[in-house]
Amino acid sequence: MQVLSPKIALGIYSDCSATGVSVSLLKTDGLDILETPITLTRPYSIELKKQLLAIKKEDCSSLEIVKPIHEKITQEHITAAQELLNDNIRKIPHVDIGGYSGHLLHLHQADRMDITLGSGKELARALQVPIVDRFTFTDLQAGGTGGPLLTTFMEVVMRDQKKPIGIISLGG
């Protein structure tokens, strides 16, 4: 397997429990994390958290309900990423690629459908970084369960640990 030259990657993640957004910068060759990641977590305002948690499954088809929150989430994620990048501009002057999960609002595996808030396209425009997104949708369309990165993340984190390992995901 060909190993890539080291790249600086930006990761932007928001969990379903609506606690906020986490942003990370890391140096990777595509297989390993080469330096300790730099991270930032910003909680959502109480108002935004209430709005997110109040959206019911049946509300997801209403553009009037979802669009304003979609735009707020996108802006929150842009602001958090810009803060991390600005705070570390001397150490990391350039980012090669970004990965963006958005904020998963609804997942229905049987129908291979998800509603994810946040725009990778807007992030790419605002940050001037190529952004890879739509992970959940793409995984569902390929027959997966909508959580394509968790297994890979756990493989990297636990690579050097004694096997066998059991992991319970309690994520929101």
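Model, not experiment: these values are computed from the prediction.

S.K.: Looking at this structure, how should I read the pattern of salt bridges?
M.R.: Pairing between side chains of opposite charge can happen when the charged atoms of each approach one another. Evaluated as defined, the whole model comprises 5 salt bridges. Two residues, Lys67 and Glu71, come together in a salt bridge whose shortest N-O distance is 3.8 Å. Of the two residues, Lys67 and Glu71 are both situated in helix α2 (residues 63–87); the distance of 4 residues between them amounts to about one turn of the helix.

S.K.: Would you explain the environment of Gly118 in this entry?
M.R.: Position of Gly118 relative to the elements: it lies in the loop between β5 (113–117) and α3 (120–127). Along the primary structure Gly118 and Val23 are separated by 95 residues, whereas in three dimensions their C-alpha atoms are 14 Å apart. Apart from residues lying up to four places away in sequence, Gly118 is in contact with His70, Ile73, Thr74 and Tyr100.

S.K.: So what exactly am I meant to see when it comes to the pairing of β5 here?
M.R.: The side chains of a regular strand alternate between both faces of the sheet. Bridge count for strand β4 (residues 97–108) against β5 is 5 bridges, and the pairing is antiparallel. The residue of β5 that forms the bridge with Leu107 is Asp114. Between the end of β4 and the start of β5, which pair antiparallel, lie 4 residues, with Arg112 showing a positive phi angle near 50 degrees.

S.K.: Please explain α3 as it appears in this structure.
M.R.: Along an α-helix, residues three or four apart share an orientation, since each turn contains 3.6 residues. Those residues of α3 that sit buried are Gly120, Leu123 and Leu127. What you see down the axis of α3 is that its buried residues fit within an arc of 55 degrees, all on one side. Facing away from the buried side of α3, by more than 90 degrees, are the exposed residues Lys121 and Arg125. Elements in contact with the buried residues of α3: β1 (7–14), α2, β4 and β6 (131–132). Backbone geometry just after α3 places Gln128 at a positive phi near 60 degrees.

S.K.: Help me understand the nonpolar core, please; the structure alone is not making it clear to me.
M.R.: Grouped burial of nonpolar side chains is what soluble globular proteins tend to show. Grouped together as the largest cluster of nonpolar side chains are 31 residues, with contacts concentrated most on Leu10, Ile12, Val23, Leu25, Leu52, Ile73 and Leu127. Counting only elements with at least two residues in this core, the list comes to β1, β2 (20–28), β3 (38–43), α1 (46–54), α2, β4 and α3. Per-element accounting of this core gives the leading share, 8 residues, to α2. Here Leu52 is in contact with Ala18, Tyr44, Ile69, Ile73, His103, Leu105 and Leu117, once residues within four sequence places are set aside.

S.K.: Sorry if this is basic, but what is going on with the environment of Lys50 here?
M.R.: With respect to the secondary-structure elements, Lys50 resides in helix α1. Here the alpha-carbon distance between Lys50 and Ala18, two residues 32 residues apart in the chain, equals 8.5 Å.

S.K.: Explain the packing of α2 against α3 here, please?
M.R.: Between two packed helices, both the angle of their axes relative to each other and the distance between the axes serve to describe the pair. Closest axis-to-axis distance for the α2/α3 pair is 10 Å, and the angle between their directions is 35 degrees. Note that α2 runs across α3; the crossing there is right-handed. Along its contact with α2, which presents Thr74, His77, Ile78, Ala81, Gln82 and Leu85, the element α3 presents Glu122, Leu123, Ala126 and Leu127.

S.K.: Would you mind going over unusual backbone geometry with me for this structure?
M.R.: Glycine aside, residues mostly have negative phi angles, and peptide bonds mostly take the trans form. In this model, Lys163 is joined to Pro164 through a cis peptide bond whose omega is 0 degrees. For Pro164, the position within the fold is in the segment after α5 (148–158). Phi is positive for Gln128, which is not a glycine, with a value near 60 degrees. If you trace the backbone, Gln128 turns up in the loop between α3 and β6. A relative accessible area of 64% means that Gln128 is categorised as exposed. Despite not being glycine, Arg134 shows a phi value in the positive range, around 65 degrees. Along the chain, Arg134 turns up in the loop between β6 and α4 (135–141).

Parameters and conventions
- Counting from 1, residues in each chain are numbered in the order their sequence is written.
- pLDDT decides what is reported in this predicted model: residues at 70 or higher carry local features, side-chain atom pairs at 80 or more are listed and counted, and totals for whole chains, interfaces and linings draw on all residues regardless.
- For side-chain calculations, the full set of non-hydrogen atoms in the structure is used, while hydrogens and water are omitted.
- In what follows, salt bridge is the name for a side-chain nitrogen of Lys or Arg lying within 4 Å of a carboxyl oxygen of Asp or Glu.
- Numbering of helices and strands runs from the N terminus, with a helix taken as a DSSP run of H or I at least four residues long and a strand as a DSSP run of E at least two residues long.
- The criterion used for residue contact is that any of the two residues' heavy atoms lie within 4.5 Å.
- In this analysis, strands are considered paired if DSSP registers two or more bridges between them.
- Residue burial is assigned from relative accessible area. The probe radius is 1.4 Å, only protein chains are included, and a residue is buried under 20% of its type maximum, exposed over 50%, and partly exposed in between.
- Each direction from the helix axis to a C-beta atom contributes to the arc, which is the arc of those directions.
- Here, the term nonpolar core denotes a set of buried Ala, Val, Leu, Ile, Met, Phe, Trp, Tyr and Cys residues that are joined through side-chain atoms within 4.5 Å.
- Angles shown run from 0 to 180 degrees and are taken between the N-to-C directions of axes, each axis being a line fitted to C-alpha atoms and, for helices, limited to the stretch in contact.
- Less than a right angle of anticlockwise turn of the near helix away from the far helix marks a crossing as left-handed, whereas a clockwise turn marks it as right-handed.

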